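Residue-level structure breakdown
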Amino acid sequence: MSHLSVTAGFLPLIDAAPLIVARELAFAEEEGLDLTLRRAPSWSALRDLLTFGQVDAASMLSPIPVAQALGLGGGAAALDALMVTSLGGEMIALPDHIARQLDGVDRADPFALRAALPMPLRIGVPFPFSIHAELLYRWLGEGITVQTVPPPLLPDAMAAGELDLFIVGEPWATGAMDRGIASLLLPGTTIWRAPPDKVLAMRHDRAEADPDLTGRLMRAVWRACRWLRLRENRITAAEIMARRPYLDLPPDLIERAMDSGVEFFEGCATFPWRSQAEWIGARLARRHGLDVAQARHAAQAVFRSDLYRLHLGPAGADLPAASSRLEGAVSEPGLHPAAAGRVLLLPDRFFDGAVFDPDTA
Amino acid sequence: MKPLSIVLIEKIPERAVLITEALRAECEVTVIDSDQGLARRIAEIAPDLVLIDVANPSRDTLEELSLASSPMERPVAMFVDRSDRDLTRAAIEAGLSAYVVNGLRAERLRPVLDAAIARFHLFQRMRAELTATRAALEERKIVDRAKGIVMKARGIGEDEAYALLRRTAMDQKKKIAEIAQAILTAADLLK
């Protein structure tokens, strides 16, 4: 059987696991795909590879396709988020001299921490369009100043005293703590229990023009996510991801970093809720002075829950009854209405209990 | 016309020199060779164009500049797509990304980028040649040493020793250098 060639791009991060596993454990091959993976040096480089067709798909920060739809940033083509590939996994960390000022403050209480942080802080994020940046704005307010510090440059930036606080994904967070340049303040999931961190992205015109390829790739990645939900599989995953073409790091570091609370599958984690995109779009629009209603409308179209239903429903994925939901409304794991039967949803509360309602403009 | 102001973010001194030389006649080129405070330094220089290696992770810092909205800061937008997709593709394939200030006209940009792309290619070629030359030199040293060992062990001349190495390599479908390396390793063990 001749296989369809497809190339996908990634950055060397824990949540590239679904793509790497899809290739290495032959979930892609089962779908008749010859999946080649290409490591990119930065998010803007990965976006350009996707834009100019040097890769067909990418494991991408979820706000990048949304920002693109809003006309923000340097991208040049409309991108679709086909499915969510990871929830959470962001870590907020800080150097010792700031940590000392928080002695005696309850680390589990985001309100107390916020009140105790010495403002203004110089805050590092991995990319201007990232769930990392959104979590910090959501927690500390829109008045903060963030700057982009690519994770490989974090140690230098910390050594030069350029940052008071940063938020970063794994394995960078664990790596930074191992090196003693920062200590953990709190995980991003304290601010939002289930933030959509990475998506499987494809150029909109490509996904439309080639539904067969799109479907095969989605099924392969979704099965990889399902495989990753089992803890015992994560040891194997860490071994594979440690290899040179992928993260090129010691497996034990990757294994520990995998324990950072990143969710690949459970609770419909892979479902691209239109309301998630709308939340991101609304936040970006407000911050950049765009029309919020228009932005929300443009944003929700980017998360392709329609393609998810089309391609993953027949493969056995749980399909919620609606494609939009109240974001932040689930406090306890529970069963919710589905297209057929019921589906399990996991908590997705914000730290302050506020609920984002996609039906109110 | 005022010369274009260009910031080149480049840590490899040889490549920085190559590109600067190519552009110096038409442009004012400032080379930045470190990542420290990159966004601030670019904002201070306020260039028309920023050139950066695609492989440099600091590209993501530049992305932030495209969002600068204060009137004191000059908006920088990546030029991709806007006017000339082929040119952009050529740049990306050469390993170069370019950020231009909004409104810089394509006819001023094109010759600069063409020159920069050509220099990127030239540098890649030079580096590939250098690596190949080094490897060849290294191999010749290994073969020479192995030849000496064979000559001494078997009491034969240089040409004969080389012929023996070559024949063995052909028989085993290996490179002469690999056979030579094996001889060196074995000789070391038997010392």
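Residues numbered from 1 in each chain as written. Chains lettered and ligands numbered in written order. Predicted model: local features only at pLDDT ≥ 70, side-chain atom pairs only at ≥ 80, totals over all residues. Heavy atoms only, no water.

An unreviewed UniProt entry lists chain A under the name Nitrate transporter, with Gemmobacter lutimaris as the source organism.

Observations concerning the nonpolar core
All names here are of chain A. Grouped together as the largest cluster of nonpolar side chains are 65 residues, with contacts concentrated most on M60, L136 and W139. Mapping this core onto the domain boundaries places at least three of its residues in each of domain 1 (4-87 + 195-309) and domain 2 (91-190). With residues near it in sequence (within four places) discarded, M60 still touches W43, L46, R47, L50, P65, L79, D197, K198, V199 and A201. Counting 56 residues, the second-largest nonpolar core is a separate cluster that includes L35, V221, L228 and M241. (Core = buried A, V, L, I, M, F, W, Y, C linked by side-chain atoms within 4.5 Å. Buried < 20%, exposed > 50% of the residue type's maximum accessible area, 1.4 Å probe, protein only. Domains from an automatic or database assignment. Contact = heavy atoms within 4.5 Å.)

A look at helix α7 (residues 131-140) of chain A
Residue and element names in this part refer to chain A. Of all the 10 residues making up α7, 10 are buried; the element is thus mostly covered by neighbouring parts of the structure. If you check which residues of α7 are buried, you get I131, H132, A133, E134, L135, L136, Y137, R138, W139 and L140. One or two steps after α7, the chain reaches G141, where phi turns positive at roughly 95 degrees. (Helix = DSSP H or I, 4+ residues; strand = E, 2+ residues; numbered from the N terminus.)

Topic: the interface of chain A and chain B
In this complex, chain A contributes 30 residues to the contact, which on the side of chain B involves 25 residues. Both faces combined, the contact of chain A with chain B buries some 2,100 Å², and carbon together with sulfur accounts for 54% of it. The largest contributions to the chain A side of the interface with chain B come from P41, F52 and L153 of chain A, which together make up 25% of the buried area. Close ionic contact of D48 of chain A with R59 of chain B constitutes a salt bridge, the shortest N to O distance being 2.9 Å. The tally of links between chain A and chain B comes to seven residue pairs in polar contact (both at pLDDT 80 or more). Contributing elements (two or more residues each) for the side of chain A that touches chain B: α3 (43-51), β7 (145-148) and α8 (154-159) of chain A. (Buried area = accessible area lost by both parts, 1.4 Å probe. Salt bridge = Lys/Arg side-chain N within 4 Å of Asp/Glu carboxyl O. Polar contact = N/O pair within 3.5 Å; in protein donor to acceptor, adjacent residues only side chain to side chain.)

Here's the deal with the packing of helix α1 (residues 13-23) of chain B against helix α5 (residues 106-154) of chain B
Residue and element names in this part refer to chain B. Between α1 and α5, the least distance of the axes is 9 Å, while the angle of their chain directions is 145 degrees. As for the relative orientation of α1 and α5, their crossing is right-handed in sense. Between α1, through E14, R15, L18, I19, E21, A22 and L23, and α5, the contact on the second element is made entirely by V112, A115, A116, R119, F120, L122, F123 and M126. (Axes fitted to C-alpha atoms, helices over the stretch in contact; angles between N-to-C directions. Left-handed = near helix turned anticlockwise from the far one by under 90°.)

Looking at helix α12 (residues 231-241) of chain A
Given 3.6 residues per helical turn, the α-helix brings residues three or four places apart onto the same face. All names here are of chain A. Three or more residues of α12 are buried, namely N233, R234, A237, A238, I240 and M241. Looking straight down α12, one finds its buried side chains confined to an arc of 160 degrees; they lie on one side. Close packing links the buried residues of α12 with α1 (17-24), α11 (211-228) and α13 (251-258). (Arc of directions from axis to C-beta.)

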